Amino acid sequence: MSSPPAQRPVVLIAEELSPATVEALGPDFEVRSCDGADRGSLLAALPDADALLVRSATRVDAEAIGVAKRLRVVARAGVGLDNVDIDAATKAGVMVVNAPQSNIVSAAEHAIGLLLASLRNVPQAHASLVSGVWQRSRFTGVELAEKTVGVVGLGRIGVLVAQRLAGFDVRLLAYDPYVPAARAAQLGVRLVALDELLAESDVITIHLPRTPDTRGLIGTEALRKVKPTVHVINAARGGIVDEAALAAALLEGRVAGAGVDVFDTEPCTDSPLFALPNVVVTPHLGASTAEAQEKAGVSVARSVRLALAGELVPDAVNVQGGSIAEEVKPGLPLAEMLGRVFTGLAGHLPVRIDVVVRGEIAEHDVKILELAALRGAFTDVVEDAVTYVNAPLLAEERGVEVRLTTSTESPDYRNVVTVRGTMADGTVTSVSGTLSGPRHTAKLVEVDGFDIDIVPTEHMAFFRYVDRPGVIGIVGRMLGERQINIASMQVGRDAKGGHALVVLTVDSAIAHEVLDGITAEIGAENGRTVDLDVDS
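These numbers were taken from a predicted model, which means no experiment stands behind them.

Tell me about the pattern of salt bridges, residues and numbers included.
A pair can form between side chains of opposite charge whenever their charged atoms are brought close. Tallied over the full model, the rule gives 29 salt bridges. With its nearest N and O atoms 3.7 Å apart, the salt bridge here joins E481 to R482. Beyond isolated ion pairs, a larger network of salt bridges with shared partners links R39, R59, D61 and E63.

Spelled out as structure tokens, the structure:
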């Protein structure tokens, strides 16, 4: 008697996706549909689902994940993941994937569309004409040709924007502390400081990720440095441009026009920008093209196939699958964290990154740890989601050589991972970490040659100075005066009276002016803060 055929995994599609998505899934799955925006329909369909495909309307929270006992992967056909509770998914062992490269062309084109619409008053003239008024002189615009365009952020989308703007015969400036000047020169772009870009640009277009460092970057102070004829375009992330400050600058005639696709809080139906006649606004349409949606659907369909087959999923944002040795897997978040700490300490990208893996895990294939370190190194410096697939490409595009070195010899720790970067001037920044105990607790054990032993938390600070009495007291006093609580502290030094490094974990972020004040007060060679998305 023959056995019944094996049940095919169930893929639940909760929103309308491109037909190409189902085609890319292939015949190996049972594809079902539901209305993800209908809570009852979603919760009723989830218990049988092995994979869930959504866009932005379906809320995949802890409740939804809790009823989906068979769920192995949630795939968002797009870039953002605001509607997916990644922590709940991770705790449940559910992989979360998205399509980080699907919309970059659409986003770049939309930014240019906003730019041209702002310069030529296209939506205002349209509204006037369809209301029955023919007014040509009222909507006189300005040419883009021979103007200076400042691109703030030269990541993948910023590069696409710069390449497309070159055809308009413009002068291109860019601000991006993580891009080498040689790479910018290849694109016909001159790298400058932000203040110079603000002062010289006729158009400023934003293409940065939203991080603690970039939030409010284009605010009141920055907008006092621009030409009164400037147009400001933001199709990147809400919050990078201070909407209230931009509205005030427009009202006061310090900025000529603006094109805005993203807002600090979304959906946004009430903004001081909406009432101004020299502003073009759209409701976050950067990725809203048929082509981007098709690319996104096909991308996540491929990721779902990999996930349900138990293979490595390059675009996974939380848990990684695939043929990785069990001994190596706990090192992935460690290597990624070290990459992020390295970039925070270095302040800019090096010309070479060395990832050194020592100890018992070096007996296995640890190439994935190199990719994890690169993923961390680029996470806070590009606007794209960084994955194991695009991390090497990001390094190559920025002229960063990457080397992996392994050794089974590790005299001090069972296993240790080091991320070391060599800067263009020959200086070196390094950070090492290990895993401790049965819970694989990550610890920093070395920074720039100084031995330390500290568990990283969400907010950290590093100060390097000449060893002498009283420094720790000054640091504690200045942080205490600003109600910043020190959770832990480690001091390393190379010799008595030599150089010392103090590493702090604190309960809240340290503002730039506080960091600069402490650095000056203790005469530190440098002071850095690093903010991580980790549990404190």
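Additional details are given in the paragraphs that follow.
Outline the packing of aromatic side chains, supporting the account with residue identities and numerical values.
Counted under the stated rule, the structure contains 1 aromatic pair. Their ring planes at 85 degrees and their centres at 5.7 Å tell us that F263 and F274 sit as a pair that is edge-to-face. You can see F263 sitting in the loop between strand 11 (257-260) and strand 12 (279-281) and its partner F274 sitting in the loop between strand 11 and strand 12, a full 11 residues away along the chain.

How would you sum up the packing of helix 5 (residues 104-120) against helix 7 (residues 156-165)? Please name residues and give values.
The geometry of a pair of packed helices is captured by two quantities: the angle between their axes and the separation between those axes. One way to put it is that helix 5 packs onto helix 7 with a least axis distance of 9 Å and a crossing angle of 50 degrees. As far as their axial angle goes, helix 7 and helix 5 are oblique. Note that helix 5 runs across helix 7; the crossing there is right-handed. Along its contact with helix 5, which presents I104, V105, A107, A108, E109, A111, I112 and L115, the element helix 7 presents R156, I157, L160, V161, R164 and L165.

Explain the pairing of strand 7 (residues 171-175) residue by residue, including any values.
Taken residue by residue, a regular strand's side chains alternate between the two faces of the sheet. Pairing analysis gives 5 bridges linking strand 6 (residues 148-152) to strand 7, with the strands arranged parallel. By the bridge assignment, V152 is partnered in strand 7 with Y175. When strand 7 meets strand 8 (residues 190-191), the two strands line up parallel, connected through 2 bridges. By the bridge assignment, L173 is partnered in strand 8 with R190. Note that the unit made of strand 7, helix 8 (residues 181-186) and strand 8 has a crossover that is right-handed.

Cut-offs applied
Residues numbered from 1 in each chain as written. Predicted model: local features only at pLDDT ≥ 70, side-chain atom pairs only at ≥ 80, totals over all residues. Heavy atoms only, no water. Salt bridge = Lys/Arg side-chain N within 4 Å of Asp/Glu carboxyl O. Phe/Tyr/Trp six-rings, centres within 6.5 Å; stacked < 30°, edge-to-face > 60°. Helix = DSSP H or I, 4+ residues; strand = E, 2+ residues; numbered from the N terminus. Axes fitted to C-alpha atoms, helices over the stretch in contact; angles between N-to-C directions. Parallel < 35°, antiparallel > 145°, perpendicular 65-115°, else oblique. Left-handed = near helix turned anticlockwise from the far one by under 90°. Contact = heavy atoms within 4.5 Å. Pairing = 2+ DSSP bridges. Right-handed = clockwise from strand over helix to strand, strands pointing away.

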